[in-house]
Amino acid sequence: MIQQGDVYKIGRLGKPHGIHGELSLQFSDDVFDRTDADYLILDVDGILVPFYIDEYRFRSNETALITFCDINSQEKARRFTGCDVYFPRHLSDSNEQNISWAELIGYALTDEITDREIGIIRSVDDSTINILFEAEDEQGKNHLIPASTDLITGIDSQRKEIRINLPEGILDLNESK
């Protein structure tokens with residue numbers, strides 16, 4: 001069984017395109033094109049299921065039209081509309097110097113100075129120039145932490161940990177919310 005920690009979200013399926021089972025994929029990471037991945041993982045009713053890629057083509061910088069094996073009609077494709085799409089971490093071409101924001105979800109965020117775990121990264125807000133990690137601590141509180149490469153001192157993919165020079169007082173700002 002595929003576990004959530006073994007994959008990371010790269011997009012979401014939209015409506016079928018045409019009558020032959022092609023689906024629109026809005027993606028945030030084009031890792032499926034950079035690597036030799038034969039399949040992607042879909043979240044179907046809360047279960048992570050591998051689907052083998054038959055073919056795909058890019059429609060824009062954020063959209064691809066994709067066909068999965070054995071999904072060859074509009075009716076079959078329609079049942080996957082809205083499914084989240086994941087990529088297996090072990091197939092990723094990333095390394096500590098070249099890793100996507102999406103891949104960091106689920107990593108532990110640790111303060112370099114105190115060696116204290118801040119929390120687990122639940123999302124990355126990259127909608128503005130100031131990218132933020134949203135990390136959830138053991139008490140369930142969310143902390144917004146700047147995801148500046150100037151602050152990150154190390155990424156350990158094996159341990160799924162990011163070490164960061166936490167700006168003084170940043171956790172206190174989050175407490176006032």
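Position numbers for residues count from 1 along each chain, tracking the sequence in the order it is written. Predicted model: local features are reported for residues with pLDDT of at least 70 only, side-chain atom pairs are reported and counted for 80 or more only, and whole-chain, interface and lining totals are derived from all residues. The basis for every side-chain value is the complete set of heavy atoms in the structure, and neither hydrogens nor water enter the calculation.

Basically, it comes down to this: UniProt positions are given in the numbering used here, feature names are shortened, and annotations may be inferred rather than shown by experiment.
Going by the annotation in an unreviewed UniProt entry, the name recorded for the protein is Ribosome maturation factor RimM, with Hoylesella enoeca given as the source organism. Under the Subcellular location (unreviewed entry) heading, UniProt states for the protein: "Cytoplasm".

## Overview of the side chain of Asp-84
Rule in force here: Strands are runs of DSSP state E lasting at least two residues, helices are runs of H or I lasting at least four, and both sets are numbered from the N terminus onward. When accessible area is computed with a 1.4 Å probe and restricted to protein chains, residues below 20% of their type maximum are described as buried, those above 50% as exposed, and intermediate ones as partly exposed. For the purposes of these results, a polar contact is taken to be a pair of N or O atoms within 3.5 Å, where, inside protein, one atom must be able to donate a hydrogen and its partner to accept one; residues adjacent in sequence count only when each atom of the pair is a side-chain atom. Only heavy atoms matter for contacts: two residues are in contact if any of them lie within 4.5 Å across the pair.
Structurally, Asp-84 is set in strand β6 (residues 84–88). Judged by relative accessible area, which is 14%, Asp-84 ranks as buried. At a separation of 3.3 Å, a polar atom in the side chain of Asp-84 contacts the side chain of Lys-9. Contacts of Asp-84, omitting those with residues within four sequence positions, involve Lys-9, Gly-11, Arg-12, Ile-41, Leu-42 and Asp-43.

## A closer look at the sheet that holds strand β10 (residues 142–146)
What links the strands of a sheet is backbone hydrogen bonding, and the strands pair in either a parallel or an antiparallel sense. This is how the line gets drawn: One requirement defines pairing of two strands: DSSP has to find at least two bridges between them. A fitted line through C-alpha atoms serves as each axis, taken over the contacting stretch for helices, and the angle formed by two N-to-C directions is quoted from 0 to 180°.
One open sheet holds the 6 strands; their spatial order is β10-β9-β8-β7-β12-β11, and the pairing between them is mixed. Both outer strands of the open sheet, β10 and β11 (152–156), are each paired with one neighbouring strand and no more. Ignoring strand direction, the axes of neighbouring strands in this sheet form an average angle of 35 degrees. Pairing geometry for strand β8 (residues 117–125) and strand β9 (residues 132–136), over 5 bridges, is antiparallel. Residue pairing across strands places Asp-125 opposite Leu-132, the latter belonging to β9.

## As for the sheet that holds strand β2 (residues 22–27)
Spatially, 6 strands are ordered β1-β2-β5-β4-β3-β6 in a closed barrel, and the strand pairing comes out antiparallel. Averaged over all adjacent pairs, the angle separating strand axes in this sheet is 50 degrees, with direction ignored. Two elements, strand β1 (residues 7–17) and β6, share 5 bridges in a ladder whose sense is antiparallel. Residue pairing across strands places Val-7 opposite Pro-88, the latter belonging to β6.

## Here we look at the environment of Asn-61
With respect to the helices and strands, Asn-61 occurs in the loop between β4 (47–58) and β5 (63–68). When the C-alpha positions of Asn-61 and Gly-82 are compared, they lie 19 Å apart, and in sequence the two are 21 residues distant.

## A closer look at the pairing of β4
Here strand β3 (residues 39–44) runs beside β4; their pairing, made up of 6 bridges, is antiparallel. In the strand pairing of β4, Asp-43 is matched with Leu-48. The antiparallel hairpin formed by β3 and β4 contains 2 residues in its connecting segment, where Asp-45 sits at a positive phi of about 55 degrees. Two elements, β4 and β5, share 5 bridges in a ladder whose sense is antiparallel. If you follow Arg-57 over to β5, its bridge partner there is Leu-65.

## Some points on the domain arrangement of the protein
To keep things clear, this is the line we draw: For the purposes of this description, domain bounds are those given by an automatic or database domain assignment. A quick way to say it: buried area is the sum, across both parts, of accessible area lost when two parts are put together, with a 1.4 Å probe. One side-chain nitrogen of Lys or Arg within 4 Å of one carboxyl oxygen of Asp or Glu is enough to make a salt bridge. Charged residues are taken to be Asp, Glu, Lys and Arg, nonpolar residues to be Ala, Val, Leu, Ile, Met, Phe, Trp, Tyr, Cys and Pro, and polar residues to be all remaining types, Gly included.
Partitioning the protein into domains gives domain 1 (4–91) and domain 2 (101–164). Each of domain 1 and domain 2 was reduced to a C-alpha centroid, and the two centroids are 27 Å apart. Contacts between domain 1 and domain 2 engage 4 residues on the former and 5 residues on the latter. For the domain 1 and domain 2 pair, buried surface summed over both sides reaches about 430 Å², with 43% attributable to carbon and sulfur atoms. By the criterion of area lost to domain 2, the three top residues of domain 1 are Gly-5, Tyr-8 and Arg-89, representing 80% of everything that side buries. Counting across the domain 1 and domain 2 interface gives 0 salt bridges. At the junction of domain 1 with domain 2, the criterion picks out 3 residue pairs in polar contact (both at pLDDT 80 or more). The residue inventory of the side of domain 1 that touches domain 2, partitioned by class, reads 1 nonpolar, 1 polar and 2 charged.

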